[in-house]
Amino acid sequence: MVYSNLPVSVEATDLLPDSVSVSYSTNSSVRRKLGGGVDGFGFNAGLGVDISINFLLGQNGADFLLDTNNLTGALAYNVSVGNNTFSDCYLNSYDITVVPFQPVVVKADFTSYDPVELVPIAPTPNPLDNNDSFVYSHTGVLVGDIPSLLTNATYNKRYSRTPVYTLGSIQPVRQLIDEVEAELTVESTGIDSLINYSGKKITADFGVTLSADHDIIVASGSHILDQSYDMQGGGALSTTMRIREIIL
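A quick note: this is a predicted structure, and the numbers were derived from the prediction, not measured.

Trainee: Requested: an account of the overall build of the protein, with residues and values cited.
Mentor: Looking only at helices and strands, one finds one helix and 17 strands in the protein. Excluding contacts between residues fewer than 6 apart, the proportion of contacts in the protein whose partners are at least 24 apart in sequence is 65%. In the form shown here, the protein has an accessible surface area of approximately 13900 Å², with 52% of it arising from carbon and sulfur atoms. Taking the 12 positively charged and 27 negatively charged side chains of the protein as two groups, their mean positions are separated by 13 Å.

What follows is the structure, given as structure tokens:
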């Protein structure tokens, strides 16, 4: 069966999806009796559903990626795939990839703690057209002391949390935010200096502003933790640098 009408949205934000993946997984364990025998399965938590969305960043933006809107990972969203709506969805991580002359690609991963259950996959009969235009890499503005010959960049932000359950509850009553970290990896054709055993702290914000609503910037005080370069005959020097920011 082919489903062609499966628009994807996060709350009121309609995305420009390239692909979507939904994975249901129970938190089960085998109940074993003393002396042998099995008495079915026990379940240690509610149904966990992982939702992964690959989409093209539009000029209208994706507000749920911004910490000021998602409360640094603490805000739950409704994610819709076709006519199926998943509730209590928390953003686990997202990656933004910037490649020359290409639209900016985002991969966002959610976990839903109150998913739709025992219902068919429901396409939307007449989905609305999304006429939002793409954000392209060449519209980005460099921020900080970035080599002018930047060839590509990848930004990743991760939210680590602990769900809190009460007796008799199959959905968590709250989420504890444990850690929030961001990493920016850039490739360029220039290098100023090499890091030492403790890396190197950057002294100004560093990254790329993609649009009025989105950027991939690590703040002053972040650390360059990995650095490498290589070259081939007839080619140019290629440098890779990974910068890590501890937000929480």
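Trainee: Can you break down the pairing of strand S15 (residues 215-218) residue by residue, with the values?
Mentor: Inspection of the sheet shows strand S14 (residues 206-209) paired to S15 by four bridges, in the antiparallel sense. Following the sheet pairing, Val208 is matched in S15 by Ile216.

Trainee: Quick one: what's the story with the environment of Gly73, residue by residue and with numbers?
Mentor: Tracing the chain through its elements places Gly73 in the loop between helix H1 (67-70) and strand S7 (77-81). Sequence separation between Gly73 and Leu194 is 121 residues, and the spatial gap between their C-alpha atoms is 34 Å. Apart from residues no more than four positions distant in its own chain, Gly73 is found in contact with Tyr90, Tyr159, Arg161 and Ile177.

Trainee: Provide a residue-level description of the nonpolar core, including the pertinent values.
Mentor: In this structure, Phe55, Phe64, Ile96, Phe110, Leu210 and Ile216 are the most contacted members of the largest nonpolar core, which totals 41 residues. Looking at which element gives the most residues to this core, the answer is strand S8 (residues 84-98), with six residues. With sequence-adjacent residues up to four places away left out, Leu210 is seen in contact with Leu57, Ile96, Val98, Val104, Val135, Thr139, Gly140, Asp215 and Ile216.

Trainee: Mind laying out unusual backbone geometry, listing which residues take part and the relevant values?
Mentor: Unusually for a residue other than glycine, Asp88 sits at a positive phi of about 50°. Within the fold, Asp88 resides in strand S8. Note on Asp88: relative accessible area 31%, which makes it partly exposed. Look at Phe101: it is not a glycine, yet its phi comes out positive at around 65°. Secondary-structure assignment places Phe101 in the loop between S8 and strand S9 (105-114).

Trainee: So what's going on with the packing of aromatic side chains? Residues and values would help.
Mentor: A complete count under the given rule lists seven aromatic pairs for this structure. Residues Phe55 and Phe64 carry aromatic rings whose centres are separated by 6.2 Å and whose planes lie at 55° to one another, so their mutual orientation is tilted. Note on accessibility: Phe55 and Phe64 belong to one class, buried. Where Phe64 meets Tyr77, the ring centres are 6.2 Å apart and the plane angle is 70°; that geometry is what we call edge-to-face. Of this pair, Phe64 sits in the loop between strand S6 (48-56) and H1 while Tyr77 sits in strand S7; the two residues are 13 residues apart in sequence, bridging distant segments of the chain. Each member of the pair Phe64 and Tyr77 is classed as buried.

Parameters and conventions
Residues numbered from 1 in each chain as written. Predicted model: local features only at pLDDT ≥ 70, side-chain atom pairs only at ≥ 80, totals over all residues. Heavy atoms only, no water. Helix = DSSP H or I, 4+ residues; strand = E, 2+ residues; numbered from the N terminus. Contact = heavy atoms within 4.5 Å. Areas by Shrake-Rupley, 256 points an atom, 1.4 Å probe, with all protein chains shown as cover. Lys, Arg positive; Asp, Glu negative; His and termini not counted. Charge placed at Lys NZ, Arg CZ, Asp CG, Glu CD. Pairing = 2+ DSSP bridges. Core = buried A, V, L, I, M, F, W, Y, C linked by side-chain atoms within 4.5 Å. Buried < 20%, exposed > 50% of the residue type's maximum accessible area, 1.4 Å probe, protein only. Phe/Tyr/Trp six-rings, centres within 6.5 Å; stacked < 30°, edge-to-face > 60°.

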